[in-house]
Amino acid sequence: MQQQIDDMEGSMESPNLEFEYGDTDNFTAELSELYSYTEEPEFSLNRDYFEEDFKNHVKGRRWMELSMEEQRAYVMRLLDALEVTDRDKRLKVARAILYLAQGVFDECDTETDVLYWSRHNVFLLYDMGIFTALLELLSMEIDNNQACSSAVRKPAISLADSTELRVLLSIMYLMVETIRVETEGDSPERKAAREAFKTELGSPLYNGEPFALLLFTMVTKFCSMNAPHFPMKKVLLLLWKTILFTLGGFEELQEMKVRMREQLNLSPLPEDSIKVVRNMRAASPPASAMELIEQQQQQKRGRRSRRPLVKQDSLDTYNERDPFKNDDARDEEDDPEDVDSGIEGEVDPLDRDVIIQPPPPPPPLRPPTERVSFPKGLPWAPKVREKDIEHFLETSRNKFIGFTLGNDTDTLVGLPRPIHESVKTLKQHKYVSIAEVQIKREEELQQCPMTMGEEEVEETPAEILYLGMLPSLSQYVIALLKLLLAAAPTSKAKTDSINILADVLPEEMPITVLQSMKLGIDVNRHKEIIVKAIAALLLLLLKHFKLNHIYQFEFVAQHLVFANCIPLILKFFNQNIMSYISAKNSICALDFPHCVVHEMPELTAESLEAGDSNQFCWRNLFSCINLLRILNKITKWKHSRTMMLVVFKSAPILKRALKVKQAMMQLYVLKLLKIQTKYLGRQWRKSNMKTMSAIYQKVRHRLNDDWAYGNDIDARPWDFQAEECALRESIEKFNTRRYDRNQNSDFTPVDNCLQSVLGQCVDMPEDFHYSYEMWLEREVFSQPIQWEGLLEAQ
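Conventions used here
Along each chain, residues carry numbers from 1 onward, in the same order as the chain's sequence is written. In keeping with the model being predicted, local features are shown solely for residues with a pLDDT of at least 70 and side-chain atom pairs are shown and tallied solely at 80 or more, while totals for entire chains, interfaces and linings include all residues. No hydrogens and no water enter the side-chain calculation; it runs on all heavy atoms of the structure. Secondary structure elements follow DSSP: runs of H or I of four or more residues count as helices, runs of E of two or more count as strands, with numbering from the N terminus. In this scheme, a residue with accessible area under 20% of its type's maximum is buried, one over 50% is exposed, and one in between is partly exposed, where area comes from a 1.4 Å probe on protein chains only. All accessibility values rest on the Shrake-Rupley procedure with a 1.4 Å probe; residue burial counts only the protein chains present in the view. The contact definition used throughout considers only heavy atoms, calling two residues in contact when any of these lie within 4.5 Å. By convention a nonpolar core is built from buried Ala, Val, Leu, Ile, Met, Phe, Trp, Tyr and Cys residues, the set being connected through side-chain atoms within 4.5 Å. Within 6.5 Å between ring centres, the rings of Phe, Tyr and Trp (the latter by its six-membered ring) count as paired, and their orientation is classed by plane angle as stacked under 30 degrees, edge-to-face over 60, tilted in between. Patch membership needs two things, relative accessible area over 30% and no salt bridge, and members are linked within 9 Å if like-charged or within 5 Å if nonpolar (Val, Leu, Ile, Met, Phe, Trp, Tyr). The working definition used for a salt bridge is a side-chain nitrogen of Lys or Arg within 4 Å of a carboxyl oxygen of Asp or Glu. Charge assignment: positive for Lys and Arg, negative for Asp and Glu; neither His nor the chain ends contribute. The atoms used to mark charge sites are NZ of Lys, CZ of Arg, CG of Asp and CD of Glu.

**A few points about the overall build of the chain**
What the chain contains, in helices and strands, is 39 helices and zero strands. The burial tally for the chain puts 50% of its 794 residues in the buried class. Within the structure as shown, the chain displays about 40200 Å² of accessible surface, and the carbon and sulfur contribution to it stands at 53%.

Structural data, given as structure tokens:
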């Protein structure tokens, strides 16, 4: 009997996930994801090439025994050897450099030693100018038409087709990721090198554009099927880490936002959003229909006692008597009874008492500090927009005095005292965003181009990147979404879809069951890493461009929407999301640097099936949260896009994602549900009261926002297309004004002096001198002039 109850509770409750969200996973995990398991034999190959060369030049000694000057001299010798014309010799030298960047692991006893020497060697390689040399080789490989054309003709592409590219990209990734991550023991020289490298990567030093643009070009070339041998996983990881390094992560973004608000004389942020989200606690998910029916059947077969009153689900942690008082004790114990009244539309609310509950277990003993740290009250300070105050006053004036005063939010004459109090409260929580200031400034620049003068645009890394991406931005966005679609677990294999497995499939396909299982894990892991890199990359771009200028963000967001990003993300979540998050697609024994310092244990089918012991897969949960954040960013305040969520029936898909007991993920799911509740109808809201309670508890309150009732004007039909067209027009005006150098042709002074016009030097093509007499004869002298027609035209 007890076993049945335990089984039932297990099916209803997923565990709380101890997940700490950040820019990246821990350093070792990020390094290990660079390599596929099929690349494992190449570690010893790198070592062999290094030792062969090293023994010829430094006899009887090891790398660790050399002085700093001797190490620099040897790296200089490798740098010279990189410039040979023989392709095979170049590859051997590149492998030797890669072995140095990997931490001369054959001379190390522990993983810590490998990471220490890897860091030491990477800073040495950067100091000696290896990165610039690698960049030239990478550009050569990208433009290698012979390799591209032979790869296009091949029926099956494998690891061997991308050997040179993989070696180069691996060294560059190790350099970017190692230098990007700060450690406590970094010397002033290393800190200076980090800043120099950061500036170098973000500046248009490489052929007049930032390094990230070269990688974006590789992505588009791959997706256009012109270079199917490019190792896309490595390219995407390097691209993501380059943008993370040059533009900054989430904490740097928060600091930049605080500084920019100070510069614009705006009120400080009401709270640090990163800290608020990290302190949130997960709530129990609403039960599904199948679970509730199963629960009913098991309980009817078991005990026959009835309970007339049932406690509310822990998604709604408010005490019903006082909606603003947190029921701490309720949330502290994850009662098995929590699963009842969230019938969520599947069972009639009048039949709630039919569902028999097992007795609650005794509350677990927990240290008192945990209770103290639980935040009291609502997690977010409420916000109000200027537009909301104007709308409220317009309605009030129409009601009480019969006319309006436009945008005046100060004059309260003729309005009753409660309206005065309401306006006072609204103004206390008024929040002006940086985006609103930028939009207003842009309107002024558009209306008064002469009087406002030239806008001074600060050359930030985000500005330089946007300027470089602008001409081909739609191609970049479409290529990234194509790769995301190909890597999504819900995608079906199609013959015409792009092959993202070129850099994971071995030359000889597996012949044993064990090899097949290992390759299967490798392929799934490969896809997960691609999803992780793209999701993190897109979110970073959206956040940085939004801070840099709202219309840069809107331009990227609109391209994402037009490229079907909304249905793509919903399709991604339309799977068993708990299975995806708890997937065990990794083999710890094969992860770098573990695999290079420890003896390889004998792998068996049982050990591969068992996977690691982690409760969840960090990268998959990270990807899910980032994709939800992207969906939030592109739909927020956009009614037409919110309606897309409704049309694509996102509510049941998102509700299933609430099963993941992780506070941050639940928050972004609830935000997406909140913006569409007014369009889902009264019956949906009535049947999903626990989800509504969770939204009240976890999502920021916008005063005067009628999201829970759907009575306001936003719930009525309107022309969706007009909204997107108006936004597109504003974006085009912004791009033309700021980036089109020929935009002010109407205001350019005209030179009317015949002497100065004829005296101007005009650059002519080389063959002009040979053919101009013939051109004069044909185009001028032999053409009769219709003087009457010219006079009439005047």
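Still to come is the rest of the account.
**As for unusual backbone geometry**
A cis amide bond links phenylalanine 592 with the next residue in sequence, proline 593, at an omega value of 5°. Secondary-structure assignment places proline 593 in the loop between α27 (577-581) and α28 (594-597). In the Ramachandran plot, methionine 225 falls in the positive-phi region, its phi being about 70° despite a non-glycine side chain. Here methionine 225 falls in the partly exposed class, since its relative accessible area comes to 41%. Backbone geometry at asparagine 564 places phi at a positive 65°, although glycine is not the residue there. Taking the relative accessible area as the measure of exposure, asparagine 564 reaches 47% and is therefore partly exposed.

**So, the side chain of serine 158**
One can find serine 158 in the loop between α8 (145-153) and α9 (163-180). The contacts of serine 158, once residues within four sequence positions are left out, are Ala502, Leu505, Pro506 and Glu507.

**Quick word on the nonpolar core**
Trp63, Phe211, Ile243, Leu483, Phe573 and Met665 are the most contacted members of the largest nonpolar core, which has 194 residues in total. Ranked by residues supplied to this core, first place goes to helix α24 (residues 513-548) with 17 residues. Once residues lying within four places of it in the same chain are set aside, the contact partners of isoleucine 243 are Ala212, Phe216, Gly248, Leu465, Leu537, Leu540 and Leu541. Counting residues in each nonpolar core, the second largest holds nine residues, with Val384, Leu393, Leu415 and Ile419 among its members.

**Let's talk about the packing of aromatic side chains**
Counting across every chain of the model gives 33 aromatic pairs. Arranged with centres 5.6 Å apart and planes meeting at 35°, the rings of tyrosine 21 and phenylalanine 622 form a pair that is tilted. With a gap of 601 residues between them, tyrosine 21 in the loop between α1 (2-12) and α2 (27-32) and phenylalanine 622 in helix α30 (residues 618-635) connect regions that are remote in the sequence. In this pair, the class of tyrosine 21 matches that of phenylalanine 622, namely buried. Here the aromatic cluster, defined as three or more aromatic residues joined through ring pairs, consists of Tyr35, Phe43, Phe50, Phe54, Trp63, Tyr74, Tyr99, Phe105 and Phe592.

**Considering helix α26 (residues 565-573)**
Along an α-helix, residues three or four apart share an orientation, since each turn contains 3.6 residues. Counted residue by residue, α26 has seven buried out of nine residues, so it is predominantly covered. Looking at α26, one finds that the buried residues are Cys565, Ile566, Leu568, Ile569, Leu570, Phe572 and Phe573.

**Let's talk about a negative patch on the surface**
On the surface, a cluster of negative charge is made up of Glu182, Glu195, Glu252 and Glu255. Summarising the element assignment, glutamate 195 is placed in helix α10 (residues 188-202).

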